[in-house]
Amino acid sequence: MKGGYKLSEKILELNNITKIYEDNTVIKNLNLYVRKNEFITLLGPSGCGKTTTLRLIGGFETPTSGKIYFEGKDITNLPPYQRKVNTVFQKYALFPHLNVFENIAFGLRIKKVSEGEIQTRVKNMLSLVNLDGFEKREISSLSGGQQQRVAIARALVNEPDVLLLDEPLGALDLKLRKEMQTELKKMQQSLGITFIFVTHDQEEALTMSDTVVVMNEGVIQQIGRPEDIYNEPKNAFIADFIGESNIIDGIMLEDFLVEIFGVKFKCVDKGFDNNEPVDVVIRPEDITLSRENNGKIEGYIENVIFKGVHYEMTVNTKNYTFKIHSTKMEPKGTRVYLDVEPDNIHIMKKVR
Amino acid sequence: MEDKKKYAWLSYIIMGSAQIMKGEYIKGIFLLLVEILTIVFGIPYFAHGLWGIWTLGVTKFHFNEQGVAVFDHSIFLMLQGIISILLILIIIGIYVYNVRDAYKAKEEKKTTLRDKIDRNFHWIFITPGLLSLVFLILLPIVFTILIAFTDYSAPYHLPPRNLVRWVGLQNFKEIFGLKIWNKTLSGVFIWTVTWAVLATVTSFFVGLMWALIVNSSGVKIKKLWRTIFIIPYAVPGLISMLIMRLIFSGQGPINDFIEHIGLQRLGWLTDPHLAKFTLVLINMWLGAPYFMALMTSILTNIPKDLYESSDIDGATAFQKLRHITIPMVLYSTMPLLISSFAYNFNNFMLIYAVTGGGPVNPNYRYAGHTDLLISWIYKMTLNQQQYHMASVVTIMIFLIIAPIVAFSFTRSKSFREEDLI
C-alpha cells in the first residue's frame, strides 16, 4: 500500500467480515479490498482463515456478520453461480468419468450454451493452458500439472471477473510448481482478470503477487507489496513467517539507536519510548561476519550447511544462536563478530 | 558326471532310472513307483475307462443263466473314462518331467532334505489344491458338458435299466428346433435376463436412494436409520424369503389388508405377471440394504469440491445427482453391478423359496412362469430326470455368464494391480 503501482478501481470489498463456526471464530472483523486486474495473495499458516476468506468470496459460505461487495453491489448472500467469480480447487475437482473436453465444457452445458459455442470456447481454453489436442484424454491419464491446467481451463471457460485459487500448486513437485507460478502470472496478465490466490508458501506469494495479505488466526497482519512485506514486516509474526529471521530481544535506547545484548546499533526506526523493550528482526542474509574484533556481537561458528546458493551458518553467541546466510564460508569453530547495517535492523513493538 | 548322462535315455523306458544313477534316490524311486503303479493298476483301469467313454457300454440289462443281473452302467463308465483321461494327462506330465530331469546334471552342492523341502515348498502346498481342482472342479464340468451330447434322460435312457447313447448335437438341435423346447427356452431365457436386469437395477437404485436420503444433511439420527435399513441384510436370506412367501400368499396378511380396505384379493404369487413383480419387489427389499451400505461409503468418498465447482456453474440438485453423483457411483461400482447381474441371473434360492417357479405354464416344458434358467435346470434334473437337456441349458448359461464374469474380473482393480501386491 506504500508502493506507487498503478491503482485501478476496486472490484471486490470485504467489510467487517466475521465468521464463526459453532464457538470457533475463524475470521475476526476482516476488512479487505481487491483492485481490478490485481494478483492478490492471501498468505498464512494453516488454520489462519485464508481458505475461509476465499470460500466467503466464492459464495460457499456466508459470513456471520459483515458484507461483501462486488463492484459496489452487495453479494454477501448471493449463491456462487450468481457471482462473476470462479474457483480453482486445491484437488482440482475434475470429474474422473468425463474426458478433458467434457470437464471443461461441464459448466457451459449446465448453462445450456449452444454446442457450437461450447466447441470454440473449450478449444480456446485448451490452447490458453497449452493443452491443445488433449480433448479426448481421460483425466486419470494426465499428470498432476496437466490436471491443474484442466482445472484452470474449467474455471476460466466461464469467463469470471475474479478467479479464486485455493493452494492450486500444492500437489505439484517443486520444479513444476515454479513453472506453473510463472505461467499463472503470465496468464493473469494476458487475460486481465483478478486473481485471488491462497497459499501457505511465502516464497510463492512473494514471487507471484502484486499484493500480499498476511493473515494469522483470522486477523489480517499486514497488506502490502511483496517487497514491503519482506523488507518491512510489521510484527515479529510476519518477520518469522515470511522468510527466515533472527528475532532478538532488544532495548530501544532512543530514536535511531537500539541495544542488542549490550551492544549499541544504529537503526532507522523511531517513535518508541526511551528504553522500551522491543523485538529486533534481522534477516539471516543481512548479517555480516568479520574475524576482526569490531566491538559488535561476538560468537563462534557452530555449524555450516551448504545450501547451494549460499552457506547457512549458525553462530552461537552468549545469549542467542543466530542464523546467517552468506556466500562466504567461515569454517566451523571460527571466532567471528556480527555486524548489521542500520537499515537492515527492523524494530518491532513487543506483542503483549 | 558326463558319462552318467549317457544313461539318461534309459529314463524313456524306465522312469526314474537316470535319477537313481545320479544319486537322487527319493525322486527316482517316486518316479519308478509311478511307472509301476501305472503299468500294474493303471493300464487295465484306463483301458476299461477309455472303452467305456467311447461306447458307453454294450451289455443291456438282463439276467444271466445264474439269475444275476448283468449290465453296463453307462454313466459310471463315462465317469471312469473321464477320470482315466485326467489321470493319463497327469502321468504324461510326470513322464515328461522325468525325461527332462534325466538330462539335467545333478546338483554339485550337497543338499539336505530340509533344503529340498524349502526349495519345493510351493509344490507341497499346491499339490492338494491342484488335485482337488482337477477332480472336484474340472471333472464335474467335463462330465456336465459331456452329458449334453448324450440321451441321458427318463424314461427310456436311464441307467441301470437302459444304456445311454452318444447322440452328438441332437439335443442342441431339439432345444432350438422342437417347438415346445424352443418356446420354453426362449420364454425362460427372456424372463431370466429381464429378471437379472430388473433385480439388479431396482436394488441398486433403491439402495442409492436410501443412502442419499440417510446421508443428506437434514436427516437426524442417521445411525438409527442406517440400522433399520440394514436389518433385512442381517436376517438370513432364506428366512426372509419364506416369510415373504407367507406374507404375499393368497391367505397372507397383505391380501387380508387389501380385503379389509374393500378391494379384491390379489394373486401375488399365483398371477403370472404379478408374481414376477412380487419377486422383483422382494429381491429389492433383500438386496437394497447391501447397496445402501456400499453407496454410503462411496458417497462420502466423492470429493465435496466436485459439488462446489458445480455450484459455481449453477447446477441444480437434480443436475448434480445426474451429472456427478450417479456417474461417480457407477464409475466405482460398475464391476460390482456386473457381478450382481451374474448373481441374479442364477438367483436360484429366491425363486425356489418364494414361488418355486410357479405359477405353472402349460406352454412350457417342465418350467413355470417365474422359472429362471437355473431353476428350470433344477426341475429338469431333480424332478424330471432330463439330464441331457439340463446339461445343454447349463452350457448355455455358462456361455452367457462366463464372459460377463471374466469382463468384470479383468476390469477390477485387484486383477489389474495383481503384480503390485
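Here the structure is a predicted model, which means the values were calculated and not measured.

The subject of this paragraph is the domain arrangement of chain A. Residues and elements named next belong to chain A. Domain assignment breaks chain A into domain 1 (10-238) and domain 2 (244-349). Summarising the inter-unit geometry, the C-alpha centres of domain 1 and domain 2 are found 39 Å apart. Of the residues lining the interface, eight residues belong to domain 1; the matching set on domain 2 comes to six residues. Carbon and sulfur atoms make up 50% of the surface buried where domain 1 meets domain 2, a total of about 610 Å² over both sides. It is Tyr230, Pro233 and Ala236 in domain 1 that bury the most area against domain 2; as a group they hold 71% of the surface buried on that side. There are zero salt bridges connecting domain 1 and domain 2. At the surface where domain 1 touches domain 2, the tally comes to three residue pairs in polar contact (both at pLDDT 80 or more). At three residues, the largest contribution of residues to the side of domain 1 that touches domain 2 is made by helix α7 (residues 226-231). The residue inventory of the side of domain 1 that touches domain 2, partitioned by class, reads four nonpolar, two polar and two charged.

Time to look at the nonpolar core. If you look at the biggest cluster of nonpolar residues, it comprises 37 residues, and the most contacted ones within it are Ile104, Val122, Val150, Ile152, Leu163 and Leu184 of chain A. Among the secondary structure elements, those contributing two or more residues to this core are α2 (100-110), α3 (115-128), α4 (144-156), β7 (162-166), α5 (174-191) and β8 (194-199) of chain A. Broken down by element, this core gets its largest block of residues, six residues, from α4 of chain A. With residues up to four places along the chain from it excluded, the contact list for Leu163 of chain A reads Asn86, Thr87, Val88, Ala155, Leu156, Ile193, Thr194, Phe195 and Ile196 of chain A. If you look at the next biggest cluster of nonpolar residues, it comprises 27 residues, including Phe89 of chain A together with Phe204, Leu299 and Ala315 of chain B.

Residues and elements named next belong to chain A. The element strand β14 (residues 276-282) is largely enclosed, with a buried count of six among its seven residues. Bridge count between strand β11 (residues 246-254) and β14: seven bridges; the pairing is antiparallel. Bridging from a neighbouring strand, Ile248 pairs with Val280 of β14.

According to UniProt, the positions carrying the feature "domain: ABC transmembrane type-1" (unreviewed entry) are residues 189-408 of chain B. A distance of 22 Å separates the end C-alpha atoms of residues 189-408 of chain B, which is 76% helix and 0% strand.

Our next topic: the domain arrangement of chain B. Residue and element names in this part refer to chain B. According to the domain assignment, chain B contains domain 1 (2-168) and domain 2 (178-420). Once you take the C-alpha centre of each, domain 1 and domain 2 turn out to be 44 Å apart. Counting residues at the interface gives 10 residues for domain 1 and nine residues for domain 2. The junction of domain 1 with domain 2 conceals about 740 Å² of combined surface from both sides, 69% of it contributed by carbon and sulfur atoms. Area buried by domain 1 at its contact with domain 2 is led by Ala148, Tyr152 and Ala154, which between them contribute 44% of it. Across the side of domain 1 that touches domain 2, the residue classes tally to six nonpolar, three polar and one charged.

Turning our eyes to something else, we now look at the environment of Lys379 of chain B. Within the secondary structure, Lys379 of chain B is located in helix α16 (residues 373-383). Discounting chain neighbours no more than four positions away, the residues touching Lys379 of chain B are Gly356, Gly357, Tyr366, Gly368, Asp371 and Gln384 of chain B.

With that settled, consider the packing of helix α7 (residues 170-177) of chain B against helix α8 (residues 179-215) of chain B. Residues and elements named next belong to chain B. At a minimum axis distance of 5 Å, the contact between α7 and α8 shows a crossing angle of 75 degrees. In terms of axis orientation, α7 runs roughly perpendicular to α8. Contacts from Glu174, Ile175, Phe176 and Gly177 of α7 reach α8 at Lys179, Trp181, Asn182 and Leu185. Its residues assigned to classes, the contact of α7 with α8 shows four nonpolar, two polar and two charged.

Next up on the list: the sheet that holds strand β1 (residues 10-21) of chain A. Residue and element names in this part refer to chain A. With antiparallel pairing, four strands are arranged side by side in an open sheet as β2-β1-β4-β5. Taken across any chain shown, the strands that pair with only one partner, and hence form the sheet edges, are β2 (24-35) and β5 (73-74). In the sheet, β1 pairs with strand β4 (residues 65-70) via five bridges, with the strands oriented antiparallel. Residue pairing in the sheet places Asn15 in a bridge with Lys67 of β4. Contacts from helix α1 (residues 50-58) reach β1, β2 and β4, with the element oriented near 120 degrees to β1.

Attention now moves to the packing of aromatic side chains. Residue and element names in this part refer to chain A. Scanning the model with the defined rule gives 28 aromatic pairs over all chains in all. Centroid distance Phe39 to Phe195: 5.5 Å. Interplanar angle 40 degrees. Geometry classified as tilted. Linking Phe39 in strand β3 (residues 39-43) with Phe195 in strand β8, this pair joins segments that are 156 residues apart in sequence. Per residue, the accessibility class of Phe39 equals that of Phe195, and both read buried.

Residues and elements named next belong to chain B. Note on placement: Thr278 falls in helix α12 (residues 272-301). Take Thr278: its relative accessible area is 0%, and that puts it in the buried class. Residues contacting Thr278, with those up to four places away along its chain left out, are Phe248, Trp268 and Leu269.

Turning next to the UniProt feature "transmembrane region" (unreviewed entry) in chain B. Residue and element names in this part refer to chain B. The residues that UniProt annotates with the feature "transmembrane region" (unreviewed entry) are residues 29-54, 74-99, 120-149, 188-212, 224-248, 277-302, 323-343 and 387-409. Structurally, residues 74-99 is divided into 100% helix and 0% strand, and its ends, taken at the C-alpha atoms, are 37 Å apart. Taken end to end, residues 120-149 is 90% helix and 0% strand, and its first and last C-alpha atoms sit 42 Å apart.

Further remarks concern unusual backbone geometry. Residue and element names in this part refer to chain B. The omega torsion across Ala154 and Pro155 is 0 degrees, close enough to zero to call that bond cis. Mapped onto the fold, Pro155 is located in the loop between α6 (121-147) and α7. The amide bond that connects Pro159 to the next residue, Pro160, takes the cis arrangement and shows omega of 0 degrees. Structurally, Pro160 can be placed in the loop between α6 and α7.

Residue and element names in this part refer to chain B. Among the surface-exposed residues, Trp123, Ile126, Leu130, Leu133, Leu136, Ile137, Ile141 and Ile145 lie close enough to one another that they form a single nonpolar patch of about 760 Å² accessible area. Summarising the element assignment, Ile126 is placed in helix α6. Residue Ile126 is classed as partly exposed on the basis of its relative accessible area, which comes to 41%.

Before going further, it helps to examine the sheet that holds strand β10 (residues 219-224) of chain A. Residue and element names in this part refer to chain A. In space, the six strands of this open sheet follow the order β6-β7-β8-β3-β9-β10, with mixed pairing throughout. This sheet does not close on itself; its edge strands, each paired only once, are β6 (85-88) and β10. Across the sheet, the mean angle from the axis of one strand to that of its neighbour is 20 degrees, orientation sign disregarded. The sheet contact formed by β7 and β8 spans five bridges and is parallel. Along β8, the bridge assignment pairs Leu165 with Phe197. Together, β6 and β7 form the strand contacts of α4, whose direction differs from that of β6 by roughly 170 degrees.

About the criteria used
- Residues numbered from 1 in each chain as written.
- Chains lettered and ligands numbered in written order.
- Predicted model: local features only at pLDDT ≥ 70, side-chain atom pairs only at ≥ 80, totals over all residues.
- Heavy atoms only, no water.
- Domains from an automatic or database assignment.
- Contact = heavy atoms within 4.5 Å.
- Buried area = accessible area lost by both parts, 1.4 Å probe.
- Salt bridge = Lys/Arg side-chain N within 4 Å of Asp/Glu carboxyl O.
- Polar contact = N/O pair within 3.5 Å; in protein donor to acceptor, adjacent residues only side chain to side chain.
- Helix = DSSP H or I, 4+ residues; strand = E, 2+ residues; numbered from the N terminus.
- Nonpolar A, V, L, I, M, F, W, Y, C, P; charged D, E, K, R; others polar.
- Core = buried A, V, L, I, M, F, W, Y, C linked by side-chain atoms within 4.5 Å.
- Buried < 20%, exposed > 50% of the residue type's maximum accessible area, 1.4 Å probe, protein only.
- Pairing = 2+ DSSP bridges.
- UniProt positions renumbered as here; feature names shortened; annotations may be inferred.
- Axes fitted to C-alpha atoms, helices over the stretch in contact; angles between N-to-C directions.
- Parallel < 35°, antiparallel > 145°, perpendicular 65-115°, else oblique.
- Phe/Tyr/Trp six-rings, centres within 6.5 Å; stacked < 30°, edge-to-face > 60°.
- Patch = residues over 30% accessible without salt bridge, like charges linked within 9 Å, V, L, I, M, F, W, Y side chains within 5 Å.
- Areas by Shrake-Rupley, 256 points an atom, 1.4 Å probe, with all protein chains shown as cover.

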